[in-house]
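Here is what each chain is made of, one letter per residue.
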Amino acid sequence: GINAEYGVSQYKLWEGELDFVEKLLQEDLRNNSAWNHRYFVVTNTTGWDKEVIERELEYTRAYINKAPNNESPWNYATGMIKGNGHSLVDFKSFVELCEDLYSRQIRSPFGLKVLAEIREEREDYAKAIDIYMVLKETPTVRDRYWDYKVQCIRELMSC
Amino acid sequence: NLLGERIPDNQQLKIRDFFSTVQCSTGGFCGNVGHLPHLATTYAAVSAIASLDLTEVYDVIDRPALASFLSTMHKPDGSFTMHHDGELDVRGAYCAAVVSTLTGIKTDEMFENTGRWVASCQTYEGGFGSRPGTEAHGGYTFCALATLILLNKTHLIDKDRLLDWAVHRQMVFEGGFQGRTNKLVDGCYSFWQGGLFPLLHHILSTDHSGLSSKTWLFSQVSLQDYILFCCQYPSGGLVDKPGKSRDYYHTCYCLSGLSISQHSFSDQVVRGDPNNLVEPTHPVFNIVLSKADRMAKYLVTGKVVEEVGSGG
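By convention here, each chain's residues receive numbers from 1 onward along its written sequence. A letter from A marks each chain and a number from 1 marks each ligand, given out in the order of writing. It should be noted that, the model being predicted, local features are given only for residues of pLDDT at least 70 and side-chain atom pairs only at 80 or more, the latter also being counted only at that level, while totals for whole chains, interfaces and linings use all residues. Side-chain measures here rest on the full set of heavy atoms in the structure, leaving out hydrogens and waters.

Draft legend 1. Expanded view of the overall build of chain A. The helix count covers DSSP runs of H or I at least four residues long, the strand count covers runs of E at least two residues long, and both are numbered beginning at the N terminus. Helix and strand content of chain A: 10 helices and 0 strands. Reading chain A from its N end, one meets helices and strands in the order α-α-α-α-α-α-α-α-α-α. Based on the C-alpha atoms only, the size of chain A along its principal axes is roughly 55 × 35 × 25 Å. Only protein chains enter the calculation, and the probe is 1.4 Å; a residue is then buried if its accessible area is under 20% of its type maximum, exposed if over 50%, and partly exposed in between. Within chain A, buried positions represent 45% of all 159 residues.

Structure representation (structure tokens):
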């Protein structure tokens, strides 16, 4: 893959980049630019095969557990999965994380949104709608979007 | 225009004279006399001219030279530099797409590979960065989506992940929009982010019957409340957030965002006094609907076509 095409000199450019990102995230795990940079570094070094995704999900899970209401690692996790042509359900450890947070009554809006998407991927349509209803229990600026997501699922159900 | 005002003839002609002095003989408009032509100032000039109504003002634009300027800014990979040896980012493509459309000079050749380059700016978050690999950001995302619509290349992107990102940029507490994940609210994003929603409505409505025509997929009420309560400078003009100073940029984009939030596809949502209603703005160009194709039609056919009411 991408490894074979990079000589040592190319790698030298990227050495220390992941350490740099880690330093930034330890200072502020909400630093979204740092998360974006990490994505850029992985893209330009190892690329995104399934092993790399698993490794990065492991890295991300720690940050999600630290602050489940921080949007950045959630975007990083779902982004690397979907952005590389996979489904959320292809990554058991990540699905387990979402379900674990839910069963422990931890109501991160990002975790809930991802759980709804997981259920939709499994074609558990009624259960996906249940999650959007949980999201709507507290009225927020997102409500029209949740209505739209429910309507899209209903379209799928009637197929 | 947003406030329903017209600039009088004599002022329009003075504006025409100014633009005449800053138009470069090799095409495009400069920031001031003696500067180099630049895509951002060209966009500002052409948008401003299109927002006026005297044909004497429309006539100032040297269209063949403009076409040539756009071609020299266009790179083989489809991107555009902002000026000769200048910075390269997605604003360039937007400015070029808008000015070529508003002046009726757009060709496919002018935008070869541009759709693909713009699409490659979409990040793992769903929004778009300034260049491939950079962080998803409201201003650049607006430029990207509007450009892809003008070039008819929206099939190249992941629309669902873009919508999801855009929805999550509205601040639950403040009601206004942030430019990037985990950053602060800013009134200008009322347009850059808010404006994405009519555009997304346009490209998603072919796939989904679930889209309401009465509301966009964000909270129009909360956005208006943020603009009206938090973004008005006491002696006039609008701002980023309370405590900041007024400037033309924030005044323009807060009012443009107000327009977006007040005008749904087939309905109006007006917070506060009914006089708060501003004119509808075209979500691709950000000039009022009634002016959106008036200049292009004149420049191409020589005739002024007055719209009765607003355009579609």
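Draft legend 2. The arrangement of the packing of aromatic side chains in detail. Classification of ring pairs rests on two measures: the distance between centres of Phe, Tyr or Trp rings, Trp counted by its six-membered ring, which must be within 6.5 Å, and the angle between planes, read as stacked under 30 degrees, edge-to-face over 60 and tilted in between. The full count for this structure, using the stated rule, is 28 aromatic pairs over all chains. Put simply, the rings of Trp 35, Tyr 39, Trp 48, Tyr 59, Tyr 63 and Tyr 76 of chain A together with Tyr 124 of chain B pair up and form one aromatic cluster. A ring has a charge above it when a Lys NZ or an Arg CZ is no more than 6 Å from the ring centre and no more than 35 degrees off the ring normal. Arg 38 of chain A extends its terminal NZ or CZ atom over the ring of Tyr 59 of chain A, reaching a point 3.6 Å from the ring centre. Over the aromatic face of Tyr 102 of chain A sits the side chain of Arg 119 of chain A, whose NZ or CZ is 5.5 Å from the ring centroid.

Draft legend 3. Spotlight on the side chain of Lys 113 of chain A. Within the fold, Lys 113 of chain A resides in helix α8 (residues 109-121). Discounting residues that sit within four places of it in the chain, Lys 113 of chain A has contacts with Leu 135 and Trp 146 of chain A together with Asp 164 and His 168 of chain B. Residue contacts are counted whenever heavy atoms from the two residues lie within 4.5 Å of one another.

Draft legend 4. Region of interest: the environment of Gln 23 of chain B. Residues and elements named next belong to chain B. Summarising the element assignment, Gln 23 is placed in the loop between α1 (9-22) and α2 (39-51). When the C-alpha positions of Gln 23 and Ala 45 are compared, they lie 9.1 Å apart, and in sequence the two are 22 residues distant. Residues contacting Gln 23, with those up to four places away along its chain left out, are Gly 28, Phe 29, Val 60, Ile 61 and Asp 62. Within the structure, the side chain of Gln 23 is placed 2.7 Å from the backbone oxygen of Val 60, a separation counted as a polar contact. Here a polar contact is taken to be a pair of N or O atoms separated by no more than 3.5 Å, where protein atoms must pair a possible hydrogen donor with a possible acceptor and residues adjacent in sequence count only if both atoms sit in side chains.

Draft legend 5. Region of the structure containing the confidence of the model for chain A. A residue-level look at chain A finds 92% of positions with pLDDT of 70 or above and a mean pLDDT of 92. For the stretch residues 1-9 of chain A, pLDDT sits under 50, and the model shows 9 contacts to residues farther than four places along the chain or on other chains. On a range of 0 to 100, pLDDT expresses the predictor's confidence in each residue.

Draft legend 6. Representation of the environment of Gly 78 of chain B. Residue and element names in this part refer to chain B. Residue position: Gly 78 is located in the loop between α4 (63-73) and α5 (90-102). Residue class for Gly 78 comes out buried when judged on its relative accessible area of 0%. Setting aside anything within four residues of it in sequence, one finds Gly 78 in contact with Glu 112, Asn 113, Thr 114 and Trp 117.

Draft legend 7. Looking closely at the environment of Leu 156 of chain A. Residues and elements named next belong to chain A. Its location among the elements puts Leu 156 in helix α10 (residues 143-157). C-alpha of Leu 156 to C-alpha of Tyr 125: the two residues are 31 residues apart in sequence and 8.4 Å apart in space. In this view, Leu 156 contacts Glu 120 and Tyr 125; residues no more than four positions away in its chain are not counted.

Draft legend 8. Spatial organisation of the interface of chain A and chain B. Counting residues at the interface gives 28 residues for chain A and 32 residues for chain B. Taken over both partners, the interface formed by chain A and chain B buries close to 2,500 Å², and the fraction arising from carbon and sulfur atoms is 53%. Buried area is understood as the total, over both parts, of accessible area removed when two parts are fitted together, assessed with a 1.4 Å probe. Considering only the surface of chain A that becomes buried against chain B, Val 141, Arg 142 and Tyr 148 of chain A emerge as the three largest contributors, covering 27% of it. By definition, a salt bridge exists where a carboxyl oxygen of Asp or Glu is found within 4 Å of a side-chain nitrogen of Lys or Arg. Seen at the junction of chain A and chain B, the total is 2 salt bridges. One salt bridge in this structure joins Glu 71 of chain A and Arg 169 of chain B, with 2.9 Å as the shortest N-O distance. Applying the counting rule to chain A against chain B returns 15 residue pairs in polar contact (both at pLDDT 80 or more). With 7 residues, α10 of chain A is the single largest residue contributor to the side of chain A that touches chain B. Residue classes follow a fixed rule: Ala, Val, Leu, Ile, Met, Phe, Trp, Tyr, Cys and Pro count as nonpolar, while Asp, Glu, Lys and Arg count as charged, and any other residue, Gly among them, counts as polar. Residue composition of the side of chain A that touches chain B, by class: 10 nonpolar, 10 polar and 8 charged.

Draft legend 9. View of unusual backbone geometry. All names here are of chain B. Backbone geometry places Asp 85, a non-glycine residue, at a positive phi of 60°. Inspection of the secondary structure puts Asp 85 in the loop between α4 and α5. Looking at Asp 85, the relative accessible area reads 71%, which means it is exposed.

Draft legend 10. Summary view of helix α8 (residues 159-167) of chain B. Most of α8 of chain B sits out of view: 8 of its 9 residues are buried. Burial in α8 of chain B covers these residues: Lys 159, Arg 161, Leu 162, Leu 163, Asp 164, Trp 165, Ala 166 and Val 167 of chain B. Along its buried surface, α8 of chain B packs onto α6 (71-82), α8 and α10 of chain A together with α7 (138-150) and α10 (196-204) of chain B. Between a side-chain oxygen at the N-terminus of α8 of chain B and the backbone nitrogen of Asp 160 of chain B the separation is 3.3 Å; the capping residue is Asp 158 of chain B.

Draft legend 11. Here's a closer look at the packing of helix α5 (residues 50-66) of chain A against α6 of chain A. Residue and element names in this part refer to chain A. Here an axis means a line fitted to C-alpha atoms, over the contact stretch when the element is a helix, while the angle between two N-to-C directions is reported on a 0 to 180 degree scale. The N-to-C vectors of α5 and α6 enclose an angle of 160°; their axes lie 9 Å apart at closest approach. With respect to α6, the axis of α5 lies roughly antiparallel. Between α5 and α6 lies a crossing whose hand is left-handed. Mapping the contact onto sequence places Ile 53, Glu 56, Leu 57, Thr 60, Tyr 63 and Ile 64 in α5 and Pro 73, Trp 74, Tyr 76, Ala 77, Met 80 and Ile 81 in α6. Of the residues assigned to the contact of α5 with α6, the class counts are 10 nonpolar, 1 polar and 1 charged. For classification purposes, angles smaller than 35 degrees are called roughly parallel, those larger than 145 roughly antiparallel, those between 65 and 115 roughly perpendicular, and all remaining angles oblique. Helix crossings get a hand from a simple test, with the near helix turned counterclockwise from the far one by less than a right angle marking a left-handed crossing and a clockwise turn marking a right-handed one.

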